[in-house]
Amino acid sequence: MRQAGAYSSMLVGGVSGRTGPHSLPLARIKRIMKRSSEDVRMISAEAPVVFSKACELLIGVLVRRAWAAAFRRKRRTLHKEDVAAAVTNTDVFDFLAQVVLQQQPK
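None of the values given here were measured: they were computed from a predicted structure.

### Let's talk about unusual backbone geometry
The backbone of Lys-74 sits at a positive phi, close to 60°, despite the residue not being glycine. Assignment of secondary structure puts Lys-74 in the loop between helix H3 (46–72) and helix H4 (80–88).

Structural data, given as structure tokens:
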């Protein structure tokens with residue numbers, strides 16, 4: 001008998017019982033993965049699920065840091081400036097710095 005894979009529990013369950021516990025659309029993730037490189041032709045069923053979970057975790061960390069920026073400014077609503085502050089103040093988010101700079105008003 002085969003053992004269940006490490007990510008098999010992510011593939012079952014969820015709110016509807018057929019979509020899994022992820023909240024990001026897997027079809028969209030798969031489309032992004034395929035468009036990322038001409039070399040990407042085949043994608044397993046588990047790969048978009050893992051990317052979905054990774055995106056959820058990334059968003060969670062970014063929101064917590066943006067929330068801290070809003071809190072320092074004595075606000076309870078997140079603004080794009082808070083997200084920009086979170087990106088620029090955290091080395092891990094350097095790959096997003098260009099996106100944040102493009103969104104800033106001139």
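### So, the confidence of the model for the protein
Low pLDDT means the predicted atomic positions in that stretch should not be read closely. For the protein, per-residue confidence averages 83 on the pLDDT scale, and 77% of positions sit at 70 or higher. When pLDDT is averaged over each element of the protein, H3 comes out on top at 95 and helix H1 (residues 8–11) at the bottom at 49. Here residues 10–18 is a poorly scored stretch, pLDDT under 50, and it has 17 contacts once near neighbours within four places are set aside; other chains count.

### Some thoughts on the environment of Thr-77
By secondary structure assignment, the location of Thr-77 is in the loop between H3 and H4. The sequence separation of Thr-77 and Ala-66 amounts to eleven residues, and the corresponding C-alpha distance is 10.0 Å. Discounting residues that sit within four places of it in the chain, Thr-77 has contacts with Trp-67, Ala-70 and Asp-82.

### Here we look at the pattern of salt bridges
In total, this model carries two salt bridges according to the counting rule given. Of the charged contacts, one joins Asp-82 and Arg-73 as a salt bridge, the two residues approaching to 2.9 Å between their closest N and O atoms. For Asp-82, a relative accessible area of 0% translates into the label buried. Its relative accessible area of 44% is what places Arg-73 among the partly exposed residues. Asp-82 is the partner of Arg-75 in a salt bridge, and the nearest nitrogen-oxygen pair spans 2.7 Å. Within this structure, Arg-73, Arg-75 and Asp-82 form a network of salt bridges that share partners.

Thresholds, definitions, all that
- Residues numbered from 1 in each chain as written.
- Predicted model: local features only at pLDDT ≥ 70, side-chain atom pairs only at ≥ 80, totals over all residues.
- Heavy atoms only, no water.
- Helix = DSSP H or I, 4+ residues; strand = E, 2+ residues; numbered from the N terminus.
- pLDDT = per-residue confidence, 0-100.
- Contact = heavy atoms within 4.5 Å.
- Salt bridge = Lys/Arg side-chain N within 4 Å of Asp/Glu carboxyl O.
- Buried < 20%, exposed > 50% of the residue type's maximum accessible area, 1.4 Å probe, protein only.

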